[in-house]
Amino acid sequence: MLDQLLMLQNKLIQDSGFEEKLINEILEFIKSFKGTLLYPRVIKRKFRIDMKNTYIILNELVKNDLLTIAYEIYCSECDKFQNDIYDSLNEIPKNICCEYCGKDIDIMKDAIVVFKVKNNAG
Ligand SMILES: [Zn+2]
C-alpha cells in the first residue's frame, strides 16, 4: 500500500509538473473528503491550479482505485443540482426533467462528472 502511494505520488509529480509538497497537500485535501463527493472545481480553486492538471490528478486517483466517477445533473435553467447522483451515464433516465423548474434536461450537456472518494483512500 505504501509502495502504491509512492508510485502514485511520483506519477503525479511527473504528469503535472508540480512539486512534491503541492502533490502531497492535494492528496491530503482529497482524503479529507473520504466517503463523500468531491468536485473538481473545489480543488482547482483551493490550489489555484488549472482544470487540465486537476483532471490529470483525479483520473490517476481513479486508476488507483481511490476515487470513483459519478454523475450529477445540473439544470442550467434554474442553476440547481438535482438530488439524484448516478454511478454511470447508463443509469440516468432517458427522459429527465428538472425537479425544480420542469425543464427537459439534455444529459449530454447537463451531466457533470463528480468524484466519490472511496473509504480506502488513505
Ligand atoms: Zn431547473
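Here is a short report on the structure shown in this document. (Residues numbered from 1 in each chain as written. Predicted model: local features only at pLDDT ≥ 70, side-chain atom pairs only at ≥ 80, totals over all residues.)

## What about the sheet that holds strand S2 (residues 67-75)?
Note on sheets: strands pair through backbone hydrogen bonds, and any given pair is parallel or antiparallel. Read across the sheet, four strands follow the order S1-S4-S2-S3 without closing on themselves; strand pairing throughout is antiparallel. The open sheet is flanked by strand S1 (37-38) and strand S3 (80-86), the only strands paired with a single partner. As paired strands, S2 and strand S4 (residues 111-117) are joined by seven bridges and run antiparallel to one another. Of the residues in S4, the one forming a bridge with isoleucine 73 is alanine 111. (Pairing = 2+ DSSP bridges. Helix = DSSP H or I, 4+ residues; strand = E, 2+ residues; numbered from the N terminus.)

## A closer look at the nonpolar core
With twelve residues, the main nonpolar core is built from Leu12, Ile26, Ile30, Leu38, Ile43, Ile57, Leu58, Leu61, Leu66, Leu67, Phe115 and Val117. Only helix H2 (20-31), helix H4 (51-63) and S4 provide two or more residues apiece to this core. A per-element tally of this core places H4 first, with three residues. Here leucine 38 is in contact with Ile30, Phe33, Val114, Phe115 and Val117, once residues within four sequence places are set aside. (Core = buried A, V, L, I, M, F, W, Y, C linked by C-beta atoms within 7 Å. Buried ≥ 20, exposed ≤ 12 C-beta atoms within 10 Å, placed from the backbone. Contact = placed C-beta atoms within 7 Å.)

## Considerations on the pairing of S2
One ladder, built from four bridges, connects S2 with S3; its direction is antiparallel. For glutamate 72, the partnering residue across the bridge sits in S3 and is isoleucine 85. Taking the residues between adjacent antiparallel strands as the criterion, S2 and S3 are bridged by four residues, where aspartate 79 takes a positive phi near 60 degrees.

## Quick word on the packing of helix H3 (residues 40-47) against H4
Closest axis-to-axis distance for the H3/H4 pair is 9 Å, and the angle between their directions is 120 degrees. Comparing their axes, H4 and H3 come out oblique. Judged by the twist between their axes, the crossing of H3 over H4 is right-handed. Within the contact between the two elements, H3 uses Pro40, Ile43 and Lys44 and H4 uses Met51, Thr54, Tyr55 and Leu58. Here the residues of the contact of H3 with H4 sort into five nonpolar, one polar and one charged. (Axes fitted to C-alpha atoms, helices over the stretch in contact; angles between N-to-C directions. Parallel < 35°, antiparallel > 145°, perpendicular 65-115°, else oblique. Left-handed = near helix turned anticlockwise from the far one by under 90°. Nonpolar A, V, L, I, M, F, W, Y, C, P; charged D, E, K, R; others polar.)

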